[in-house]
Amino acid sequence: MLTVHEIYLSIQGESTHVGRPCMFVRLTACDLRCRWCDTPYAFTGGRKMAIDDVVAEVLSHQCPLVEITGGERCCSRTCTR
Ligand code: SF4
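Keep in mind that what you see is a predicted model, and the values were worked out from it rather than measured.

**Q** Would you take a moment to explain the pairing of strand 2 (residues 21–27) for this structure?
**A** For strand 2, the buried fraction is high: six of the seven residues fall into the buried class. With seven bridges connecting them, strand 1 (residues 2–11) and strand 2 associate as antiparallel partners. Looking at strand 2, one finds that Ser-10 is bridged to Cys-22. One ladder, built from five bridges, connects strand 2 with strand 4 (residues 66–70); its direction is parallel. Across the sheet, the residue bridging to Arg-26 is Thr-69, located in strand 4.

**Q** Hey, could you run me through the nonpolar core in this one?
**A** Across soluble globular proteins, nonpolar side chains show a tendency to be buried alongside one another. Grouped together as the largest cluster of nonpolar side chains are nine residues: Val-4, Ile-7, Met-23, Val-25, Leu-27, Met-49, Val-54, Val-58 and Cys-63. Listed by contribution, the elements that provide at least two residues to this core are strand 1, strand 2 and helix 1 (51–59). Top contributing element to this core by residue count: strand 2, with three residues. Excluding residues within four positions of it along the chain, Val-25 makes contact with Glu-6, Ile-7, Val-54, Val-58, Val-66, Glu-67, Ile-68 and Thr-69.

Conventions used here
Residues numbered from 1 in each chain as written. Predicted model: local features only at pLDDT ≥ 70, side-chain atom pairs only at ≥ 80, totals over all residues. Heavy atoms only, no water. Buried < 20%, exposed > 50% of the residue type's maximum accessible area, 1.4 Å probe, protein only. Helix = DSSP H or I, 4+ residues; strand = E, 2+ residues; numbered from the N terminus. Pairing = 2+ DSSP bridges. Core = buried A, V, L, I, M, F, W, Y, C linked by side-chain atoms within 4.5 Å. Contact = heavy atoms within 4.5 Å.

Structural data, given as structure tokens:
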């Protein structure tokens, strides 16, 4: 099971995949408090989902690029709060 805050289709804004359609799976919870955090709304809440249900929802959009983000240490930078 995963605690999922949101699953949505958008445009990738980071990495070498900038500009491509991308499915985002944002997980809930993080006990870090980075100054640059732009998703504090995902620190709490969300809903429990079976991994198979997450995969099914992602696949229903037929988007080949998927990013799983959120949860503790969502970013690749070193979080120092
Ligand atoms: S690790 Fe990610 S979600 Fe957690 S506070 Fe830092 S930027 Fe926000």
